[in-house]
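Below, each chain spelled out in residue letters.
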Amino acid sequence: MLDFEQLLVLLTLVSGVIWIIDRFRRRRRSPDAAVSWWVDLGRSLFPVILAVLIIRSFIIEPFRIPSGSMLPTLAVGDFILVDKFSYGLRLPVVHNLIVPVGDPERGDVTVFRYPEDPSQDYIKRIVGLPGDTLTYADKRLAINGEPLDIERLGEWSGDDGFRLLRERLGGEWHEMLVHRSPDDRQFTFTVPEDEYFVMGDNRDRSSDSRFWGTVPRDHLVGRAFFIWLSWNGGPNWSRMADVIE
């Protein structure tokens, strides 16, 4: 079954072929000659579909947040924009890098193709870059031997038992949630070359690199940067037009 990106490429190719054939035939037929409806439809849609493909593949792509794994940064029903240009230009469908632009940075909120099922898109925060050694113990993260700075902000009003904290990652502060229950899970891990270690901001309610491993560079889709709409049974005006940090 075709996903949306594959369908968009297919429609662009089909309508583009119709547009090209019509351009050549137009020189030979009379101005008042009848044109088949499917030819008229194909040549009319081609510029529109091509523009959508270029914008979606190389500039900006919209996504909707389906779960609470990134609370409090992102909530269910948030509609976000993803900067596709930030990590380099890739061909649609095959995802081959054609123009290197920039590298992912520690602390980026990134959309990526789930390594265990690339047809699914996930969103998490990059906490480990290639070559980083991460240590996780007592719900505290250390990178290359340096524990990250943590500040407690209080109890989380959205769910009992969760504390709202903020963490300094990549030189910037971001908020996160941690449950009060103990966690004996701990590990030390070195991130392989060209791969990234990602975690959800809702640390005890997130399926991330702690469970299924790192994200290859060619699976990264782009950096999330803006919430343009928040709708979960109704509008949440306080979250709209927020910059994602």
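- Labelled according to an unreviewed UniProt entry, the chain appears under the name Signal peptidase I, originating from Spiribacter vilamensis.
- As its UniProt record puts it under Subcellular location (unreviewed entry), the chain is described as follows: "Membrane".

## As for the UniProt feature "transmembrane region" (unreviewed entry) in the chain
Moving on, step 1. The positions UniProt marks with the feature "transmembrane region" (unreviewed entry) are residues 6–24 and 45–63.
Moving on, step 2. With 100% helix and 0% strand, residues 6–24 has end C-alpha atoms that lie 28 Å from one another.
Moving on, step 3. Annotation note: span residues 45–63, helix share 74%, strand share 21%, distance between end C-alpha atoms 24 Å.

## Some details on the UniProt feature "domain: Peptidase S26" (unreviewed entry) in the chain
Moving on, step 1. Following the UniProt record, the feature "domain: Peptidase S26" (unreviewed entry) maps to residues 39–228 here.
Moving on, step 2. Helix makes up 13% of residues 39–228 and strand 43%, and the two end C-alpha atoms of the span are 37 Å apart.

## Considering the environment of D121
Moving on, step 1. Within the fold, D121 resides in strand 6 (residues 121–128).
Moving on, step 2. The class for D121 is partly exposed, based on a relative accessible area of 38%.
Moving on, step 3. C-alpha of D121 to C-alpha of F63: the two residues are 58 residues apart in sequence and 9.0 Å apart in space.
Moving on, step 4. In this structure D121 touches F63, V111, F112, R113 and V221, once residues within four positions along its chain are discounted.

Thresholds, definitions, all that
Residues numbered from 1 in each chain as written. Predicted model: local features only at pLDDT ≥ 70, side-chain atom pairs only at ≥ 80, totals over all residues. Heavy atoms only, no water. UniProt positions renumbered as here; feature names shortened; annotations may be inferred. Helix = DSSP H or I, 4+ residues; strand = E, 2+ residues; numbered from the N terminus. Buried < 20%, exposed > 50% of the residue type's maximum accessible area, 1.4 Å probe, protein only. Contact = heavy atoms within 4.5 Å.

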